[in-house]
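# Results of the structural survey
Listed below are the residues making up each chain.
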Amino acid sequence: MKQTPALPVPPQPRAGQQRAYWRAPISPSALALGIAELARQRDGLVLVVASDTHAAQSLESDLRLFLADAQGADGVPVLSFPDWETLPYDLFSPHPDIVSQRVAALYRLPSVRRGVLVVPVSSLMQRLPPPNWIAGNALDLRKGQKLDLDAEKRRLESSGYRNVPQVLDPGDFAVRGALLDLYPMGSDRPFRIELLDDEIDSLRSFDPETQRSDHAVDSIKLLPAREFPLDAATTKSVREKLSERFDIDPRRCPLYQDLKEGGAPAGIEYYLPLFFEAGKDGVVSLFQHLDQDALLVVGDGVEAAAEHAWAQTRERWEQRRHDIERPILAPEELFLAPDALRAEFNRHPRIEICGSAHAQADKATAIAELPAPSLPWNAKGEAAGAALHSFLGNYPGRVLLAADSPGRREALSELLAAAELHPQSLHGWNDFIAGTVPFAIAVAPLENGFALSAPALTVLTERQLFPERSDQSRRRKRVARDPEQILRDLSEISIGAPIVHEDHGVGRYQGLVVLESGGVRGEYLCIEYAKGDKLYVPVAQLQLVSRYSGTAPEFAPLHSLGGEAWEKAKKKAAEKVRDVAAELLEIQARRQ
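Everything in this summary refers to the structure shown in the same document. Residue numbers run consecutively from 1 along every chain, following the written order of its sequence. The model is predicted, so local features are restricted to residues of pLDDT at least 70 and side-chain atom pairs to those at 80 or more, both for listing and for counting; the totals for chains, interfaces and linings are taken over all residues. The side-chain values count all of the structure's non-hydrogen atoms but skip hydrogen atoms and water molecules.

Once that is clear, we can look at the sheet that holds strand β20 (residues 457-460). A pair of strands is labelled paired if DSSP reports no fewer than 2 bridges between them. In this description a helix means any DSSP run of H or I spanning at least four residues, a strand means any run of E spanning at least two, and both kinds are numbered starting from the N terminus. What the 5 strands build is an open sheet, ordered β17-β18-β16-β20-β19; its pairing is mixed. The sheet terminates laterally at β17 (424-426) and β19 (450-452), the two strands that pair on one side only. Taken pair by pair, the neighbouring strands of this sheet meet at an average axis angle of 20°, ignoring direction. Pairing between strand β16 (residues 398-403) and strand β18 (residues 439-443): 5 bridges, direction parallel. Considered in β18, the bridge of valine 399 is made with phenylalanine 439. Each axis is a line fitted through C-alpha atoms, taken for helices only over the stretch in contact, and angles between the N-to-C directions span 0 to 180 degrees.

Given below as C-alpha cells:
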C-alpha cells in the first residue's frame, strides 16, 4: 500500500518518456531522502547506481535510515549488491562476507516486487550466474528432516562451502561427531545442527566468537557459497575448457591442478564464464536478474566511473595475458563494456542525477537544493553555540540535530544544555518526521546535513556544528584496503619483523605459505608467537594485521596465543582513551 508522502517526491519519467533529470544536491543524504520518497510511492524495484563503493555504502546506509519504518513484509526493503573489492584479475578472492551479501541479493531479487537495490557501477558491469542457477541450488533444512551427514558434507563442498575446524565466516562448515556447524551464505549468524541417528533433532543459532548455542529455529535456508558451481562434473568441464582455449601445460598450471584436486583457487572468480555453458544458461548481467519495469537512478559521474573501470581492466589484462601458467579471459567475457552498459540503461526508464557538467543540468529538477547552514559551535569571538542560537531564533521551520549513536546524542544533549539549548530527544528520524517538534535531537547517522524549503526543515549533523573536525567514515568499522597495497606492505616487511594481529597481539612475521583447508588451497600469512605457537591468517583477512609501531623491533614483546596479556593491553589503552576524552570534556566545560 502506498503511503501519503510527508516529504516532496521528485518527478519520475512521464508516460512515453524514458528519462527524468534530478539536479545533484550538495548533500548525499538529501539525494538518499529523495530516492527514499520515490521508493515509497513506486510499486516496482528502484535500482540505484553509484559511481563507487563509498558512494554506494553511503546511500545504502542513509536509505535504510529513511526507510526504517517501511522494512516489514509490505514495506520497502533496501538491498545491496557490493563490489568484490578486488582488482580485475587479482589472485585474491572476495571476502566471504561480501560473497554472502551478493548471493543473498541474487536469491532475493526474483521475489522482490518493491524496494531499492544499491550497486556501485563496477558491480553492475560484472557478468553473473544465470538467475535460475542460484534459485535451483538453494535448499531448506528443517527440524525432523532426514539428513545423511556424509552426503551433506559432499554437497556442501560441491556448493563451495569450506570444511574448517571452527566456523567463523559465511561459507564455513565443521563436522564434529553428530553435530554440523554451518554458516549459511546470506545469513547473519551460523547454526548448529544436532542429529539423532539420521534425523535433524535440533537447529540452533550460535555465536561464532564464543561458539555458544542460543536460539532454536525450525528451519534454515542454504544458499550456494560461491557464484558458481564446484561439483566434480563442472570443475572437470572447466579444466577441459582451459586446455582447449589456452596453450597450457596442465602439470605447470597451478589453476588447473587446484581444480583437479577439488579446490577453489584464489581469484577463481575471474573465470566465471567457464563454469557455465554458453547460450541460454550462460553468464548474464545484473539487468537479467531484474524485472523489465525496474526504474534506474543513475548517479552523477557513473558513466565516467564506468569508463575508468573499463580502462583499468584493459590495462591489467594487457599486463597479465601473456602468463602461460595462469591464462586469463578477455575483459569482454567478464564485464560489460561502457557501450554495452549504456545500451542496458536505454532499455529501462531511468532518472539521471545531473552534476554541473551534465548536459541537462539546467533543465534538471532541484531536490533539497538548500545546503545545511554552517553553525560552528566555537566561533571566534562568540559564546559557545551562539550561531545555533541565532539560527533557531530566526528559522521558520523545524530543526533536527542528527547524532551518530545514542552515546553521541547524550553527549551533544549535555553540551547543548550547557548553552541553554534544550532539544526534545527522539528515538530516530521517523519519530521526527511523524511529529511536530520544532527542535529535536535523534539518533540518525547521516552522511551530511541538508535543508528543505517545503516543508521548511533543516537537518544538522556534527559537521555543521564542528567543521574543524576531520571527516571520518561512519559506515564501516574497518577501511577496505587495496590488495596490491597489502602485497607492497608485506614485501617491505622482513622475515622476523614484529607485526600486530587485531585479536591476538604482537608476533613475528614468518612469510607467506600455501596451505590446504577443507580441500581448498590458499595463501596464508604465518605469524609466530611466544612459545613457538604459530597463527596462519588467510590473505582475505589481512585487514586484521598491521605493522608494529612500538619500541625498537628487536625488543618488541611477543604475546602468547590464547593468553590474557593482549586483552589487558587493549583494555588499558581503551581506559587511557576514555581518560583523555574526559580531560578534553572538562577543558571544554571550563572554556564555556
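Note that alanine 552 resides in the loop between β25 (545-547) and α17 (565-591). Here the alpha-carbon distance between alanine 552 and proline 498, two residues 54 residues apart in the chain, equals 9.6 Å.

Residues are said to line a cavity or pocket when one of their atoms sits within 4 Å of a point; the points come from a 1 Å grid over protein atoms alone, cavities being sets where a 1.4 Å probe fits but cannot get out and pockets being open sets with protein on both sides within 12 Å along at least five of seven lines. Grid points are joined across faces, edges and corners, and a volume is the space filled by probe spheres set on the points. In the structure shown here, the tally under the stated rule is 3 cavities of 30 Å³ or more. Residue lining of the largest cavity: Trp84, Gln126, Arg127, Glu269, Tyr270, Leu272, Leu334 and Phe335, and that is the complete set. For this scheme, ten residues count as nonpolar: Ala, Val, Leu, Ile, Met, Phe, Trp, Tyr, Cys and Pro. Four count as charged, namely Asp, Glu, Lys and Arg, and the remainder, Gly too, count as polar. Classifying every residue of the lining of the largest cavity by side-chain character gives 5 nonpolar, 1 polar and 2 charged. In this structure, the second largest cavity spans a volume of roughly 40 Å³. Contributing to the lining of the second largest cavity are Trp84, Pro94, Val99, Arg226, Glu227, Phe228 and Glu269. Looking at the lining of the second largest cavity residue by residue, the classes come out as 4 nonpolar, no polar and 3 charged.

By definition, no residue in a patch forms a salt bridge, and every one has over 30% relative accessible area; like charges are joined within 9 Å, nonpolar side chains (Val, Leu, Ile, Met, Phe, Trp, Tyr) within 5 Å. Areas reported as accessible are Shrake-Rupley estimates using a 1.4 Å probe. Residue values count occlusion only from the protein chains shown. Note on definitions: salt bridges are taken to be side-chain nitrogens of Lys or Arg within 4 Å of carboxyl oxygens of Asp or Glu. The positive count covers Lys and Arg only, the negative count covers Asp and Glu only, and His and the chain ends enter neither. By convention, the charge on Lys lies at NZ, on Arg at CZ, on Asp at CG and on Glu at CD. Taken together, the side chains of Glu194, Asp197, Glu199 and Asp201 define an acidic patch exposed on the protein surface. In this structure, glutamate 199 sits in strand β10 (residues 199-206).

This paragraph deals with the pairing of strand β1 (residues 19-23). Across 5 bridges, β1 lies against strand β14 (residues 350-354) in parallel orientation. Paired with alanine 20 across the two strands is isoleucine 351, which belongs to β14. Here β1 pairs with strand β15 (residues 365-366) via 2 bridges, running parallel. Within β15, the position partnered with tryptophan 22 by the bridge is threonine 365.

Let us now look at the packing of aromatic side chains. Aromatic contacts are taken between Phe, Tyr and Trp rings whose centres are within 6.5 Å, Trp giving its six-membered ring; a plane angle under 30 degrees counts as stacked, one over 60 as edge-to-face, and the others as tilted. All chains considered together, the criterion is met by 10 aromatic pairs. Here the aromatic rings of tyrosine 89 and tyrosine 270 are separated by 6.0 Å at their centres, their planes lie at 35°, and the arrangement is tilted. Linking tyrosine 89 in the loop between β3 (78-80) and α3 (96-108) with tyrosine 270 in the loop between α8 (254-260) and β13 (295-298), this pair joins segments that are 181 residues apart in sequence. Considered together, tyrosine 89 and tyrosine 270 belong to a single accessibility category, that of buried residues. By way of ring pairs, the aromatic residues Phe66, Trp429, Phe432 and Phe450 are connected into one cluster. The lysine or arginine in question, arginine 192, covers the ring of phenylalanine 206, its NZ or CZ lying 4.3 Å from the ring centre. One cation-aromatic arrangement involves arginine 239 over tyrosine 256; the distance from NZ or CZ to the ring centre is 5.8 Å. Here's how the labels work: a residue is buried when its accessible area is under 20% of the maximum for its type, exposed when over 50%, partly exposed in between, all with a 1.4 Å probe on protein chains only. Think of it as a cone above the ring: NZ of Lys or CZ of Arg counts as a charge over the ring if it is within 6 Å of the ring centre and within 35 degrees of the ring normal.

This part covers the pairing of β13. Residues Leu295 and Val297 of β13 are buried on one face, and the alternating residues Leu296 and Val298, pointing to the opposite face, are buried as well. When strand β2 (residues 45-50) meets β13, the two strands line up parallel, connected through 4 bridges. Bridging from a neighbouring strand, valine 48 pairs with valine 297 of β13. Pairing between β13 and β14: 3 bridges, direction parallel. Of the residues in β14, the one forming a bridge with valine 297 is isoleucine 351.

Everything listed is a geometric property; what it means functionally is a separate question.
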